[in-house]
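Working through the structure, step by step
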Number of protein chains: 2
Amino acid sequence: MSEQAANKGGLEGVVVADVTTSLVDGVNGKLIYSGYDIEDLAANALFEEVVFLLWHVRLPNAQELEELRAKIASEASVPPQIIDMLKALPKDANPMAVLRTAVSALAHYDPDSENLTDKAVAQEKAARLTGQITTISAAWDRLRKGEEPIAPKAEYNLAQNFVYMLSGEEPDKTAVDAVNAYLVLLAEHGMNASTFCSRVVTATGSDMHSAVVGAIATLKGPSHGGANAEAMRMFLEIGEVENVEPWFKTNIKEGNRRIMGIGHRVYKATDPRAAILRDRSKALAESSGNSKWFEIADKLAELARADEYFIERKLYPNVDYYSAIMLYTLKLDVDMFVPLFAMSRIAGWSANIIDQMAGRLIRPKANYIGPKDLKWEPADQR
Amino acid sequence: MSEQAANKGGLEGVVVADVTTSLVDGVNGKLIYSGYDIEDLAANALFEEVVFLLWHVRLPNAQELEELRAKIASEASVPPQIIDMLKALPKDANPMAVLRTAVSALAHYDPDSENLTDKAVAQEKAARLTGQITTISAAWDRLRKGEEPIAPKAEYNLAQNFVYMLSGEEPDKTAVDAVNAYLVLLAEHGMNASTFCSRVVTATGSDMHSAVVGAIATLKGPSHGGANAEAMRMFLEIGEVENVEPWFKTNIKEGNRRIMGIGHRVYKATDPRAAILRDRSKALAESSGNSKWFEIADKLAELARADEYFIERKLYPNVDYYSAIMLYTLKLDVDMFVPLFAMSRIAGWSANIIDQMAGRLIRPKANYIGPKDLKWEPADQR
């Protein structure tokens, strides 16, 4: 790769937009959404409050919050054609691929899908999609297990509806609080790859469903949304607390594997979300009586924290590390972790998409290193 | 917008990859694919030859070409579940939205869709998708007109199959040659927005179907793939050759509209594809006995060429301008122009996707301009 491309290939440090949504301060390990520390929001905010904040750059008053909650809940149902489509898919399909297909198909039934320019209409579509992504995720998890999907309830918030639509039972408060905290923590994060993708799509004048589909396609990648599932698979491979030390020795110190969920492109001090999720997953481990996975994760993090390789490179647990434990303890299937990430990140995606509308085409440059000046010869003379 | 973001928002001149696929020389108005001038390829190459060239950085010999043609043709059929899905969609759906949904759904039936790392397997998937995108596009055009889709023939090349699957009749040579030339001309073009999107998706480790779905979502935008359809809608609005001058005066000189299909972000001398397409559309106008649209386009281009505004800004007809005329004269519906673009550009997308596999995460930066240091207050105190 040319030096120029090698430096810029990942676009590190290249500013592509002014934003009011989030500030990722990697040096100091801080994350703020539109002015508020993530710690404050994770401790206090309903997910819908964060959605409002990212869209309007201020927190809602009580009435505005209730209006947005009610709108998202009441528009969270999906057309019966989408449920029929889900029913026809192979049961072993990847849930993120299913979400990608279903969100793309939602456009065909959204009367505003081809309105490409009106920002108020875009916000209505974003509110619909915020609810619908949750409904599709829960419906798919039931359908693939041979169960009928459950429709969302208009009186629930999104975290309640997700827990309810998975089980069909009145949602448990501990589970709802944990899901809500996860949704708040993952809602937005600077110019991450899926958000950037949604801007690249939008900048051509394409529609909101297209931009969200592109974002889902990007989030699906193991280096982005797939990382907490990878972390959980690693914890499952370790299996028992007493295996942590020998596993670390064999695979990390003597092998060439890396610890999934440790290290982050941006955060070099600490990932502020990891500390919050560690507390949450610890509390959940205790209240559920299943603390094995928390203990495995904490033990492994301790080994890494004391290891020169990790210290030198400033590698700390990131948001994926403890969220894996928390979601697994909530009995969520590992391959449903990424759809839950999408359920949250639609907040940041939609805020960025609306901001990018009518913006400049995003078209970088390639550095040509192929042959030149070749002359055509017919195939039978080659 | 901050100065930094304003400069970089469109990523002009920012190199994101070394490529062997194409060199876009805007200053000299030249385009080469892996060493060959676009003029040479448009005059001589079968689309499948260009696909091979972009994938392997050399032209195929006769046997290799026949093998690739046969593979693409024989794998161009789509599973019956996809046809059923298309049949269930509203007939007025946007064909690019339909293509986005259907290509996403193809992943559920591709046994290799979740193989994320093997480049040889990726190339097999790319060959399948190359055929399948054409089949889906033609099938949708028939289905929405109440006609049954037609399966591709194993002995045809892709241009033949497209013309055949649209009409069900033995493909006419003039039409096939025009479609083939269009497919060759549009197959690849530097780091355009949809190709870049496919790289952003791939760089997270996501799968080929996801990357192609992201590219389709991006190409759908009016500022990218939608431009030739917009150009044709403009020609249709003008309607008659004698309307060109008054239309130009009212809408361009005295109004604030712009001529769709004139001007290009990169080409400042001439778009080499436009000259080829002008010749093709002129020939087609003559052979079809329908020269009205060619005359309108040529007259409007002449007015722009003589106008100071266009001269100063180096605005010339681009690839979309005359391709609109050519495709319309072939009796293709205007909203099928963009799917035809996708049928071609899958060649460049797939070459770029395979090149990007295992590459670095593409994650630029946002410049935060929102509020800071706000303190949480409960909703009822706001």
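In the block above lies the structure referred to throughout.
All of the points below concern the structure found in this document. (Residues numbered from 1 in each chain as written. Chains lettered and ligands numbered in written order. Predicted model: local features only at pLDDT ≥ 70, side-chain atom pairs only at ≥ 80, totals over all residues. Heavy atoms only, no water.)

Moving on to the overall build of chain A. Across its full length, chain A holds 18 helices and five strands. Compactness check: chain A gives a C-alpha radius of gyration of 22 Å against a globular reference of 21 Å for 382 residues, within 12% of the reference. Its C-alpha atoms put chain A at 70 × 55 × 45 Å along the principal axes. If you take every contact in chain A between residues at least 6 apart in sequence, the share linking residues at least 24 apart comes to 76%. For chain A, the exposed area adds up to about 14,100 Å²; of that, 48% sits on carbon and sulfur atoms. (Helix = DSSP H or I, 4+ residues; strand = E, 2+ residues; numbered from the N terminus. Rg over C-alpha atoms; globule rule 2.2 N^0.38 Å. Contact = heavy atoms within 4.5 Å. Areas by Shrake-Rupley, 256 points an atom, 1.4 Å probe, with all protein chains shown as cover.)

Looking now at the relation of the copies chain B and chain A. The two copies are related by a screw operation: chain B maps onto chain A through 180 degrees of rotation and 0.0 Å of translation along the axis, at an RMSD of 0.0 Å. What the rotation and shift describe, once combined, is the action of a two-fold rotation axis. Of the C-alpha atoms belonging to chain B, the one lying closest to the rotation axis is found on Gly214(B), 2.2 Å away. Same-surface contact between copies: 100% of interface residues of chain B are shared with the interface of chain A. (Least-squares fit on C-alpha atoms with pLDDT ≥ 70 in both.)

As a further point, take the interface of chain B and chain A. Taken together, the contact between chain B and chain A spans 97 residues of the former and 97 residues of the latter. Buried area between chain B and chain A, both sides added, is near 8,500 Å², and the carbon and sulfur share of it is 61%. Inspection of the region where chain B meets chain A yields 10 salt bridges. The partner of Asp207(B) in a salt bridge is Lys220(A), and the shortest N-O contact between them spans 2.8 Å. At the junction of chain B and chain A, the tally comes to 52 residue pairs in polar contact (both at pLDDT 80 or more). (Buried area = accessible area lost by both parts, 1.4 Å probe. Salt bridge = Lys/Arg side-chain N within 4 Å of Asp/Glu carboxyl O. Polar contact = N/O pair within 3.5 Å; in protein donor to acceptor, adjacent residues only side chain to side chain.)

Here we come to the pairing of strand 5 (residues 365-368) of chain A. Going residue by residue along strand 5 of chain A, you find Ala366(A) and Tyr368(A) tucked away on one face and Lys365(A) and Asn367(A) left uncovered on the opposite face. Both strand 5 of chain A and strand 1 (residues 15-19) of chain B contribute to a ladder of four bridges, which runs parallel. Opposite Lys365(A), over in strand 1 of chain B, you have Val15(B) as the bridge partner. (Buried < 20%, exposed > 50% of the residue type's maximum accessible area, 1.4 Å probe, protein only. Pairing = 2+ DSSP bridges.)

Another point: unusual backbone geometry. All names here are of chain A. Even without being a glycine, Leu11 presents a positive backbone phi close to 55 degrees. Along the polypeptide, Leu11 turns up in the loop between helix 1 (3-8) and strand 1 (15-19). Notably, Val57 is not glycine yet its phi reads approximately 60 degrees, a positive angle. For Val57, the position within the fold is in the loop between helix 3 (47-56) and helix 4 (62-74).

Let us look at the packing of aromatic side chains. By the definition in use, this model includes 15 aromatic pairs over all chains. For the ring pair Trp293(A) and Tyr328(A), a centre distance of 5.6 Å and an interplane angle of 85 degrees mean the geometry is edge-to-face. In this pair, Trp293(A) sits in helix 15 (residues 292-305) while Tyr328(A) sits in helix 17 (residues 319-329), placing the two residues 35 residues apart along the sequence. On the basis of relative accessible area, Tyr328(A) is assigned to the partly exposed category, the value being 26%. Taken together, the ring pairs in this structure connect Phe235(A), Phe294(A), Tyr321(A) and Tyr322(A) into an aromatic cluster. Residue placement shows Arg382(B) over the ring face of Trp376(B); its charged tip is 4.7 Å from the ring centre. (Phe/Tyr/Trp six-rings, centres within 6.5 Å; stacked < 30°, edge-to-face > 60°. Lys NZ or Arg CZ within 6 Å of the ring centre and 35° of its normal.)

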